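Spelled out, the chains give:
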Amino acid sequence: MIEPHAPAPPGAPPSWTGPARLPVRPGTGRFLVLVCVFVCAACGLVYELELVAFASYLMGDPVTQASVVLSVMVFAMGIGSLGAKRLRCHAAAGFGAVESALALIGGCSAMALYAVFAWTAGWGGMWADGPRCLLVAFSLAIGLLIGAEVPLLMELIQRIRRQDAGGAVADLFAADYVGALVGGLAFPFLLLPFLGQLTGALLTGTVNVVAGGALVLGLFRRDLTRRARWTLLLAGLTVLGVLACAAALAGDFERAARRAVYGPDVRVAVQTGVQEVVLAGGTHGEPLDLFLDGRLRVGGRDEHRYHEALVRPALTGPHARVLILGGGDGLAAREVLRHPGVRRLDIVELDPGLVRLARRDPGLSALNGHALADPRVRVTTADALTWLREARGPAYDVVISDLPDPGITAGAKLYSQEFYGLARRVLAPDGRLVVHAGPVAARPRAFWTVAATLRAAGFAVSPYRVPGHGSACAAGPEASRAPHDWGFLLAARGDAAPALRVGRGRAGTLTQAGLTADARAAERTRVSGVPVSTLVHPRY
C-alpha cells in the first residue's frame, strides 16, 4: 500500500512541497509516465526471457533453468521494491539511476553469460558451476532493479497529479502488464529471429536507457539539481556507448564464442524460428557435427552407429511403407533408402529450416546421401503429435521415432502414452516401431520409463543399446562428459516382443540388419535388472 504523504521535513528541496513543475500539461505528463512504464515492463520481460533462453541453450534442462531464473527474479523484485522506499524523496534521480544500471546489466547479460560459458565452462573444479552462479547473479541484480521501478514510478505519477492509491496502482499496473505482454511476444517473434540473442539484448538495453533518461531529463528535469542532471546525462551516454560498442563487436564475439563452444570448424549458425541450428565441419573430409539448441544431435565420427542401429533392426520385416517422425537431417532416411523394397518414405519434421539445410548444405546433404531428393521421399512440415492425430488408417510397415532425447522437457509429449497410441494406430498389424530412448547407462530411469509407456500403449518391446563415442544430447564443453551409448526400443503390437535375432550364424549377424554381436560384448547387459542387448557394427 502506498503510504500517505507527510508534510515536507525541514530542509527538504522546495520542489517537493507541491506538484511537479512540468514542461507539459499534467494529463500529457501522466500519459508519458505510463508510456515509460509500458516500455520498461517490456524491456524487463525481455531480459527475463533472454536469461531463460540462454541458460536452456547452454546448460540444458529448460524447466530447471526457467524455474531458477523466475523464482530468483521474483524474489529480488520484492527486495528491490522495499529498497526503493528510501529513494522516494529523490524519485526522479533514483529512477534515472535505476534505468541506467538496468540497461547496462540487462543489455550485457547475454554476452557475459555466453563468454563465461564458452571460455570457462570446461575449467572444472571450483568453477564447475560458474555459469550457473553467474546466471543467478544476473537474475538477482535484474530483479532488484526491476522491483525498484514500480515504487519510484508510483511516486512520479503521484507528483504530477494526486489520485487515490487504488486508481494510481490500477493505471500503473495496467501499463506494466500490457508492456510485459508486448515484450514477451516481441522476444520470440521479432528479437530472436531477426536480431539474435546478443544484439536483441543490447537493443533492449538501449531502448531501456533512452526511455528512462527521456522521462527523467525531459519531464522531471526541474526536480533535479544541475549536478544530478549532468550526472544522469553522462551515465546514460556512457551506457549507450558501452551498448553501442558491444553491438558493433557482437558479430565477431559471437563467432569466437561459437568456435569456443562448438569447435573451430563452425560453418553454419542459423536461428530457424524453431531452434538454433549449428553445423561444424563436414567439408574437406572433416566429420560433420550438428547441434540443435546447443545440443549435439549428430556427431560425425559415429553417427553411422546411431542411425544404423535406429533403422536396421526395424526393417528386418516388411518395410514397403516407412514413416520417420523427426529426422529432418535426412540421415535416418539415408539408412531406410539403402534397403531394397522401400516404396514410400514419409518424414514428419517440425523445423523447415533444418530440412532446407539437409537439402542444400553441401556437408549435410553429402552426409545424408541427398536422401531428401529421392522421389520416394515425402517431407511434411508439422508437429509429429499433431500430424499423428490427423492421420488415418494403418498405413505403415515401419514407424521410426527419431526425436529429441527424452530427457529434454520440451519434447516430453513425444514420449507420452497418447503419442505411442497414435503411432500404433497408423502401424500395420505386423509392423514395427523403433524409438530412440536416450542413453541407457547414464539415464536408465528415462530409458525404462519410455519402455513402460510403450507397454502401456499396447506394445511389446525389445530393448537394445549401441556403444558410441558420444551421445546426441551433449553440448559444447560438456561433450567430453557425454554418455557413451544410445538406447533403443524395438516395439510391435501384442504380447510377443519382436526378435532382435542376435546370434552366431554364418556371420554372427543380426538378420538383415548388418549388425553383429561382438564376441566379448554380446552378453545381455543388465540395467535396472532387465537385460538389454548390446549391438556392435562390424565396421567399428
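Turning our eyes to something else, we now look at helix H13 (residues 444–456). Between the first and last C-alpha of H13 there are 18 Å, a value that for 13 residues agrees with the 18 Å anticipated at 1.5 Å per step. Residues of H13 that are buried: Phe447, Trp448, Val450, Ala451, Thr453 and Leu454. Positioned one or two residues after H13, Gly458 has a phi angle of 100 degrees, which is positive.

Below, the discussion takes up the packing of aromatic side chains. Considering all chains together, one arrives at 11 aromatic pairs under this definition. Judged by centre distance (5.6 Å) and plane angle (75 degrees), the ring pair of Phe419 and Tyr420 falls under edge-to-face. Accessibility classification places Phe419 together with Tyr420 in one group, the buried group. Taken together, a centroid distance of 5.3 Å and an interplanar angle of 25 degrees make the contact between Tyr464 and Phe488 stacked. Taken together, the residues span a long stretch of sequence, with Tyr464 in strand S10 (residues 459–467) and Phe488 in strand S11 (residues 485–493) at a distance of 24 residues. No difference in accessibility class separates Tyr464 from Phe488, as the two residues are buried. Through a chain of ring-to-ring contacts, three or more aromatic side chains come together here, namely Phe54, Tyr114, Trp119 and Phe253. Over the ring of Tyr396 we find Arg321; its NZ or CZ atom is 5.4 Å from the centre of that ring.

So, about the nonpolar core. Ranked by size, the top nonpolar core spans 72 residues in total, and within it Val33, Leu51, Phe95, Tyr114, Leu215 and Phe220 carry the most contacts. Mapped onto this core, the elements with two or more residues apiece are helix H1 (26–59), helix H2 (62–83), helix H3 (91–120), helix H4 (130–160), helix H5 (165–219), helix H6 (226–262) and strand S2 (276–281). Apart from the residues lying within four places of it in its own chain, the contact partners of Phe95 are Cys36, Cys40, Glu149, Leu152, Leu153, Leu156, Gly212, Leu215 and Val216. Grouped together as the second largest cluster of nonpolar side chains are 40 residues, Leu279, Leu310, Ile400 and Trp486 included.

Running from amino to carboxyl end, H2 crosses H4 at an angle of 40 degrees, the nearest separation of the two axes being 6 Å. Judged by the angle between their axes, H2 and H4 are oblique. Remark: the crossing between H2 and H4 carries right-handed chirality. On H4, the residues that touch Gln65, Val68, Val69, Val72, Met73, Phe75, Ala76, Met77, Ile79, Gly80 and Ser81 of H2 are Arg132, Leu135, Val136, Ser139, Leu140, Ile142, Gly143, Leu144, Ile146, Gly147, Ala148 and Pro151.

Moving on, we get to a nonpolar patch on the surface. A contiguous nonpolar patch, built from Leu181, Leu185, Phe189, Leu190, Phe194, Leu195, Leu203 and Val207 and spanning about 810 Å² of accessible area, is present on the exposed surface. With respect to the secondary-structure elements, Phe194 resides in helix H5.

In this structure, Asn368 sits in the loop between helix H10 (362–367) and strand S7 (377–381). Of note is the side chain of Asn368, whose polar atom sits 3.1 Å from the backbone oxygen of Ala358.

Of the positions making up helix H12 (residues 417–425), those classed as buried are Phe419, Tyr420, Leu422 and Ala423. Considered in projection along H12, the buried side chains sweep an arc of 160 degrees and stay on one side of the axis. Considering only its buried residues, H12 is in contact with strand S5 (321–326), helix H11 (384–390), strand S8 (396–402), strand S9 (427–438), H13 and S10.

The next thing to look at is the packing of H1 against H5. As a packed pair, H1 and H5 sit with axes 5 Å apart at the nearest point and diverge in direction by 150 degrees. Looking at the contact of H1 with H5 residue by residue, the class counts come to 32 nonpolar, 9 polar and 4 charged.

Let us look at the pairing of S8. Summarising burial for S8: 7 of the 7 residues are buried, a large majority. Of the pairings in the sheet, the one linking S5 to S8 comprises 5 bridges and is parallel in character. Bridging across to S8, Leu323 finds its partner in Val399. Here S8 runs beside S9; their pairing, made up of 5 bridges, is parallel. When the sheet's bridge partners are listed, Val399 is paired in S9 with Leu433.

What follows concerns the pattern of salt bridges. Within this structure, the stated rule accounts for 17 salt bridges. Note that Asp402 and Arg297 form a salt bridge whose closest N and O atoms lie 2.8 Å from each other. Of this pair, Asp402 sits in strand S8 while Arg297 sits in strand S4 (residues 295–299); the two residues are 105 residues apart in sequence, bridging distant segments of the chain. Each of the two residues, Asp402 as well as Arg297, counts as buried. Residues Asp383 and Lys413 are paired through a salt bridge, measuring 3.0 Å at the closest nitrogen-oxygen approach. Taken together, the residues span a long stretch of sequence, with Asp383 in the loop between S7 and H11 and Lys413 in the loop between S8 and H12 at a distance of 30 residues. Residue classification places Asp383 among the buried positions, given a relative accessible area of 16%. The network of salt bridges with common partners includes Glu303, Arg312, Arg334, Glu335 and Arg338.

The subject of this paragraph is the pairing of S2. S2 sits mainly inside the fold: 6 of its 6 residues count as buried. Here 5 bridges tie strand S1 (residues 266–271) to S2, and the two strands are oriented antiparallel to one another. Counterpart to Val270 in the pairing with S2 is Val277. Linking S1 back to S2 in an antiparallel pair, the connection comprises 4 residues, with Gly273 at a positive phi of about 100 degrees. Following S2, the chain reverses through 6 residues before pairing antiparallel with strand S3 (residues 288–292); Gly282 in that reversal takes a positive phi of roughly 95 degrees.

About the cut-offs
- Residues numbered from 1 in each chain as written.
- Predicted model: local features only at pLDDT ≥ 70, side-chain atom pairs only at ≥ 80, totals over all residues.
- Heavy atoms only, no water.
- Helix = DSSP H or I, 4+ residues; strand = E, 2+ residues; numbered from the N terminus.
- Expected span 1.5 Å × (residues − 1).
- Buried < 20%, exposed > 50% of the residue type's maximum accessible area, 1.4 Å probe, protein only.
- Phe/Tyr/Trp six-rings, centres within 6.5 Å; stacked < 30°, edge-to-face > 60°.
- Lys NZ or Arg CZ within 6 Å of the ring centre and 35° of its normal.
- Core = buried A, V, L, I, M, F, W, Y, C linked by side-chain atoms within 4.5 Å.
- Contact = heavy atoms within 4.5 Å.
- Axes fitted to C-alpha atoms, helices over the stretch in contact; angles between N-to-C directions.
- Parallel < 35°, antiparallel > 145°, perpendicular 65-115°, else oblique.
- Left-handed = near helix turned anticlockwise from the far one by under 90°.
- Patch = residues over 30% accessible without salt bridge, like charges linked within 9 Å, V, L, I, M, F, W, Y side chains within 5 Å.
- Areas by Shrake-Rupley, 256 points an atom, 1.4 Å probe, with all protein chains shown as cover.
- Salt bridge = Lys/Arg side-chain N within 4 Å of Asp/Glu carboxyl O.
- Polar contact = N/O pair within 3.5 Å; in protein donor to acceptor, adjacent residues only side chain to side chain.
- Arc of directions from axis to C-beta.
- Nonpolar A, V, L, I, M, F, W, Y, C, P; charged D, E, K, R; others polar.
- Pairing = 2+ DSSP bridges.

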